[in-house]
Amino acid sequence: MAEKETYEALPAGRSLEELIEAERANLMQVQGMARCLYDVLLYSDDDDGTMHADVAKVIARLIAESVDALEKIVRRFKAGEFGPPPSKAASGGAGPGDGA
């Protein structure tokens, strides 16, 4: 049987937009460190430095993609594309296929 996921409560007094922006800022810092690591490894005297530099470059690219995805989520949220959370959705009434 699959375990039910649990989520930590969001910090009080902060909007979803602020929380996402804080995570974006953290990811951008990590991306910057990965890019620096790429440069250091690329020009290192280590025989495997170039290979490791490529790994750091992929990490930076993946982080950049995550940052972009978070930006799109914020834009969609601001545009009202997300409905209420499942716990807040209207319950009761006719459901699909009830013929009501």
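Every residue gets a number counted from 1 within its own chain, in the order that chain's sequence is written. Residue-level local features of this predicted model are given only where pLDDT is at least 70; pairs of side-chain atoms are given and counted only at 80 or more, and the full residue set underlies all totals for whole chains, interfaces and linings. To obtain the side-chain values, all non-hydrogen atoms of the structure were used and water was disregarded.

Draft legend 1. Inspection of the pattern of salt bridges at higher detail. Throughout this description, the term salt bridge denotes a Lys or Arg side-chain nitrogen within 4 Å of a carboxyl oxygen of Asp or Glu. According to the stated counting rule, one finds four salt bridges in the structure shown. A salt bridge links Glu17 to Lys78; the nearest nitrogen and oxygen atoms lie 2.9 Å apart. Of this pair, Glu17 sits in helix α1 (residues 16–42) while Lys78 sits in helix α2 (residues 49–78); the two residues are 61 residues apart in sequence, bridging distant segments of the chain. A salt bridge links Glu21 to Arg24; its shortest N-O distance comes to 2.7 Å. Taken together, the residues span about one helical turn, with Glu21 and Arg24 both in helix α1 at a distance of three residues. Accessible area is worked out with a 1.4 Å probe on protein chains only. A residue is then buried under 20% of its type maximum, exposed over 50%, and partly exposed in between. Note on Arg24: relative accessible area 10%, which makes it buried. Only DSSP runs of H or I covering at least 4 residues are called helices, and only runs of E covering at least 2 are called strands; the numbering of each starts at the N terminus.

Draft legend 2. Broad picture of a nonpolar patch on the surface. Judged by side-chain polarity, Leu16, Ile73, Phe77 and Phe82 come together as a nonpolar surface patch covering roughly 330 Å² of accessible area. Tracing the chain through its elements places Leu16 in helix α1. Two joining distances apply to patches: 9 Å for like charges and 5 Å for nonpolar side chains (Val, Leu, Ile, Met, Phe, Trp, Tyr), and every residue must have over 30% relative accessible area and no salt bridge. To measure how exposed things are, a 1.4 Å probe is used in the Shrake-Rupley method; for residues, cover is taken only from the protein chains shown.

Draft legend 3. Highlighting the packing of α1 against α2. Here an angle of 0 to 180 degrees is reported between the N-to-C directions of two axes, which are lines fitted to C-alpha atoms, with helices fitted over the stretch in contact. Contact geometry of α1 with α2 gives a least axis separation of 8 Å together with a crossing angle of 165°. Considering their axes alone, α1 and α2 lie roughly antiparallel with respect to each other. Read as a crossing pair, α1 and α2 show a hand that is left-handed. Here the contact of α1 with α2 is built from residues that sort into 21 nonpolar, five polar and eight charged. Working rule for angles: under 35 degrees goes down as roughly parallel, over 145 as roughly antiparallel, 65 to 115 as roughly perpendicular, anything else as oblique. Handedness of a crossing is defined here by the sense of rotation of the near helix relative to the far one, left-handed for an anticlockwise turn of less than a right angle and right-handed for a clockwise turn. Amino acid classes used here: Ala, Val, Leu, Ile, Met, Phe, Trp, Tyr, Cys and Pro are nonpolar; Asp, Glu, Lys and Arg are charged; the rest, including Gly, are polar.

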